[in-house]
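Tertiary structure, described
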Amino acid sequence: MKPVQSSLKKWMQENENFKERHLQMKEETLNDPKIQRFLSAHPNLSEQEIDVNLNKLYEYKTQSIQCSRCSSLDSCKNVLKGYTPILYVENDKIHLAYEKCQNRLVYEQDQEKHDLIQSLYMPKDILQASIGKVENDEKRRPAIRQLLQFIEQTRSKGLPSKGFYYYGPFGVGKTYFLGVLANELKKQNISSMLIYMPEFVREIRDSFKDDSVNEKINYFKNADVLMLDDIGAETQSAWFRDEVLGSILQYRMMERLPVFFTSNYNMDQLEEQLAVTTRGGVEKVKAGRIMERIRQVSEPVPLFSRNRRR
Ligand code: ADP
Ligand code: MG
């Protein structure tokens, strides 16, 4: 008998403790200034409704106190990070709901903006390029003017169907211009996809292993703005040129989606370059077809200036 008796005693003791804690919690909750304000704003709430929903009131009390102490999303102590509790009455019943707090909203907006530039193998300084940092030297003035026009046109009439084909020697800031554009478009909530061509070829080749080629190609077809950096610097297979690059450009041409390029070659030189593939031999017709598409989706812009790389 003894074990039973002692268990019973223990249970009664715990029950007693529970009741005590419950009473204490109730008192604490009902005395909370926020809860008192809530209750006096809703004088029709029944005693029973309040009792039944004591846990909600308690939760509201603890959560909101912590919430008002939050200085940033990271330091948020609420159970649901970045959510503020709201207590309200509907049909004489108490409800507790959560909504995103100010910090969370700001965080989500930043995150969304961040996602607007996607890049494969682009240097950090390019991703942080800003129009304010572009040196306005004599030689680059026309290119800068065109860039500003493009941004303005996007703002007033939506994305133009043609991007730019920046060409010129190494180190003059061609890739930097792409970074500036991507960041300006981001401000208008337009996403850009920037890819360094040699890595693009590698990426597609590697995606054979996991069968994701078509998925990736579709992704490049449909990006708001596609930026292909350093075209002509890669060694292409005929297959990549015709089936990957060709089909992406064809699609974008028909959908009137802009593509930007940078290259060390002007368009005529690139055409020669595209005619030579890893297969050997010269395929002028096919290269001409790709060039035609490149001309459809972009407008050539020469960039000549001093070499900025040291
Ligand atoms: P390219 O693509 O023509 O070879 P980059 O765009 O890579 O040249 O520019 C070369 C270097 O100069 C990079 O480090 C880049 O950050 C820097 N750079 C280019 N243009 C500017 C600019 N307008 N203002 C500041 N730095 C620049
Ligand atoms: Mg470059």
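Note that the structure is predicted; figures quoted are calculated from it, not measured.

Conventions and cut-offs
- Residues numbered from 1 in each chain as written.
- Chains lettered and ligands numbered in written order.
- Predicted model: local features only at pLDDT ≥ 70, side-chain atom pairs only at ≥ 80, totals over all residues.
- Heavy atoms only, no water.
- Buried < 20%, exposed > 50% of the residue type's maximum accessible area, 1.4 Å probe, protein only.
- Helix = DSSP H or I, 4+ residues; strand = E, 2+ residues; numbered from the N terminus.
- Arc of directions from axis to C-beta.
- Contact = heavy atoms within 4.5 Å.
- Polar contact = N/O pair within 3.5 Å; in protein donor to acceptor, adjacent residues only side chain to side chain.
- Pairing = 2+ DSSP bridges.
- Axes fitted to C-alpha atoms, helices over the stretch in contact; angles between N-to-C directions.
- Core = buried A, V, L, I, M, F, W, Y, C linked by side-chain atoms within 4.5 Å.
- Near = heavy atom within 4 Å.
- Areas by Shrake-Rupley, 256 points an atom, 1.4 Å probe, with all protein chains shown as cover.
- 1 Å grid on protein atoms, 1.4 Å probe; cavity = no way out; pocket = protein on both sides within 12 Å on 5 of 7 lines; lining within 4 Å.
- Sits in = over half its atoms within 2 Å of the grid points.

Notes on helix α12 (residues 267-275)
Because each turn of an α-helix spans 3.6 residues, side chains separated by three or four positions in sequence point in the same direction. Among the residues making up α12, those that are buried are Met267, Leu270, Leu274 and Ala275. Taken around the axis of α12, the buried residues stretch over an arc of 140°, which confines them to a single face. Turned more than 90 degrees from where α12 packs its buried face, Asp268 and Glu272 sit exposed. Those residues of α12 hidden inside the fold are in contact with β4 (163-167), α11 (238-255), β7 (259-263), α13 (284-297) and β8 (298-302). The opening residue of α12, the one whose side-chain oxygen lies 3.1 Å from the backbone nitrogen of aspartate 268, is asparagine 266.

Examining unusual backbone geometry
Unlike most non-glycine residues, aspartate 230 shows phi in positive territory, near 65°. Phi at arginine 256 takes a positive value of approximately 55°, unusual for a residue other than glycine. Along the polypeptide, arginine 256 turns up in the loop between α11 and β7.

Things to note about the sheet that holds β7
Across the sheet, which stays open at both edges, the six strands sit in the order β3-β5-β6-β7-β4-β8 with parallel pairing between neighbours. With one partner strand each, in any of the chains shown, β3 (117-120) and β8 form the two edges of the open sheet. Each adjacent strand pair in this sheet contributes to an overall mean axis angle of 15°, direction not counted. As paired elements, strand β6 (residues 225-229) and β7 share three bridges and run parallel to each other. Note on β7: the bridge partner recorded for methionine 227 is phenylalanine 260.

Side note on the nonpolar core
Among the nonpolar cores identified, the biggest contains 32 residues, and Phe200, Phe220, Leu228, Phe261 and Ile294 are the most heavily contacted of them. In this structure phenylalanine 220 touches Leu120, Met193, Ile195, Phe200, Ile204, Leu226, Ile248 and Arg252, once residues within four positions along its chain are discounted.

Quick look at the environment of arginine 289
Along the chain, the position of arginine 289 falls in helix α13. Linking arginine 289 and glutamine 250, residues 39 residues apart in sequence, is a C-alpha distance of 9.8 Å.

Considering the site of ligand 1
Close to ligand 1 lie 15 residues; Asp125, Gly171, Thr175, Tyr176 and Arg309 are nearest. One of the side-chain nitrogen or oxygen atoms of arginine 140 is found 3.5 Å away from a nitrogen atom of ligand 1. Within the backbone of tyrosine 176, one N or O atom sits 2.8 Å away from an oxygen atom of ligand 1. Calculation on ligand 1 without its partners gives an accessible area of 550 Å², and the protein chains cover 83% of this total. The cavity where ligand 1 resides is the largest pocket. The element contributing the most residues to the shell around ligand 1 is helix α8 (residues 174-187), with three residues.

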